[in-house]
Amino acid sequence: MSSIFVSTLIFILAYFIVFFIIGVIKKNNSVVDIGWGLGFVLASYFVLLNTGNINFRSIIVTLFVTIWGLRLSYHIYKRNKGKEEDFRYAKWRENWNYFYVRSFFQIFILQGLLLFLIVSSVININSNVAASLTAFDFIGIAIWIIGFTFEALGDKQLRDYISKPESEKDGHIMKEGLWKYTRHPNYFGEATMWWGIFIIGLSVPGSWIFIISPITITYLLLFVSGVPLLEERYADDEEFQEYAKRTNKFFPWFPGK
């Protein structure tokens, strides 16, 4: 592992230790969710500042990460502001022995390591000397834009739906807009963006190994911390189960009858 990867990993872990301290002080581990998106932004700039490798590809990728990361952190900050600890962390707080030790490693340090794996494709791009633009750059940019649209628009549509008076809602489950075609357009969008960044990176020689980046975020969203936790909350909800029968879980497609 090159020195820039090692130093970025150390930077990321130190960053999450700061958030652990904040979580202990506030007695609310939900702060780590706010730090997630911002951590990608800071890591991307950390690499640029330490390598001085500023070119069109590194600028566009860092800009993409900045737009995504700041929007996500702000969205989660607004969603969580003034609320109690997220139900996941509150449940662990009740059930875990040696809670602070376990939360340090299993929430904060683990998220730091996962962030490092996902941002590795950006580290690779931002630390490599510029190569000529290829078709991979333009394909990746287009895929990233599609992903960002799904995440940002999906979040906005859900927020608008929640703010509607009950009399204007069709039940209590969001089934409109992008949510008509996938039960999790925001998660689909997030994974798609990272596939786009990986494809941009294929313009840099030897980048196939960094497929670990989009695979990691896709696996997490589909099987660990994203889709499964939300679907579990609605396991006994008849309206959601009916919605699930005709709507794809992740990849967008036309609804069934």
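It should be noted that the structure appears before, not after, this text.
From a predicted model like this one, the values you see are computed outputs, not experimental measurements.

Criteria and cut-off values
- Residues numbered from 1 in each chain as written.
- Predicted model: local features only at pLDDT ≥ 70, side-chain atom pairs only at ≥ 80, totals over all residues.
- Heavy atoms only, no water.
- Helix = DSSP H or I, 4+ residues; strand = E, 2+ residues; numbered from the N terminus.
- Rg over C-alpha atoms; globule rule 2.2 N^0.38 Å.
- Buried < 20%, exposed > 50% of the residue type's maximum accessible area, 1.4 Å probe, protein only.
- Lys, Arg positive; Asp, Glu negative; His and termini not counted.
- Charge placed at Lys NZ, Arg CZ, Asp CG, Glu CD.
- Polar contact = N/O pair within 3.5 Å; in protein donor to acceptor, adjacent residues only side chain to side chain.
- Contact = heavy atoms within 4.5 Å.
- Core = buried A, V, L, I, M, F, W, Y, C linked by side-chain atoms within 4.5 Å.
- Phe/Tyr/Trp six-rings, centres within 6.5 Å; stacked < 30°, edge-to-face > 60°.

**Some thoughts on the overall build of the protein**
Here is step 1: When helices and strands are tallied, the protein shows 10 helices and zero strands.
Here is step 2: Ordered by position from the N terminus, the helices and strands of the protein form the series α-α-α-α-α-α-α-α-α-α.
Here is step 3: Here the C-alpha atoms of the protein give a radius of gyration of 19 Å, agreeing with the 18 Å that 2.2 N^0.38 yields for 257 residues.
Here is step 4: Referenced to the eigenvectors of the C-alpha coordinate spread, the extents of the protein come out at roughly 55 × 45 × 25 Å.
Here is step 5: Taking all 257 residues of the protein together, the buried fraction comes to 51%.
Here is step 6: Taken as two groups, the 24 positive and 21 negative side-chain charges of the protein have centres that lie 4 Å from each other.

**A word on the side chain of Thr8**
Here is step 1: Its location among the elements puts Thr8 in helix α1 (residues 3-26).
Here is step 2: Within the structure, Thr8 has its side chain in polar contact with the backbone oxygen of Ile4 (distance 2.6 Å).
Here is step 3: With sequence-adjacent residues up to four places away left out, Thr8 is seen in contact with Ala43, Phe46, Val47 and Ile123.

**Here we look at the nonpolar core**
Here is step 1: Grouped together as the largest cluster of nonpolar side chains are 57 residues, with contacts concentrated most on Trp36, Phe40 and Trp194.
Here is step 2: Those elements that provide at least two residues to this core are α1, α2 (31-51), α3 (56-80), α5 (99-126), α6 (135-163), α7 (185-201) and α8 (212-224).
Here is step 3: Among the elements that make up this core, the one with the highest residue count is α5 (13 residues).
Here is step 4: Each residue touching Trp36, except ones within four places of it in the same chain, is listed here: Phe16, Trp68, Leu72, Gln111, Leu114, Leu115, Ile118, Glu190 and Ile217.
Here is step 5: Counting seven residues, the second largest nonpolar core, distinct from the first, contains Tyr161, Ile173, Trp179 and Ala244.

**Notes on the packing of aromatic side chains**
Here is step 1: Applying the stated criterion to the full structure yields 29 aromatic pairs.
Here is step 2: Ring geometry for Trp36 versus Phe40: centroids 5.0 Å apart, planes at 80 degrees, classification edge-to-face. Residue Trp36 and its partner Phe40 are located together in helix α2, separated by four residues, close to a single helical turn. Residues Trp36 and Phe40 agree in their burial class; the two are buried.
Here is step 3: For the pair Phe188 and Phe251, a centre-to-centre distance of 6.0 Å together with 70 degrees between the ring planes defines the contact as edge-to-face. Linking Phe188 in helix α7 with Phe251 in the segment after α10 (238-246), this pair joins segments that are 63 residues apart in sequence.

**Observations concerning the side chain of Thr218**
Here is step 1: With respect to the helices and strands, Thr218 occurs in helix α8.
Here is step 2: Overall, the relative accessible area of 15% leaves Thr218 in the buried class.
Here is step 3: In terms of polar contacts, Thr218 uses its side chain to reach the backbone carbonyl oxygen of Pro214, at 2.7 Å.
Here is step 4: Residue contacts for Thr218: discarding those within four places in its chain leaves Ala191 and Trp195.

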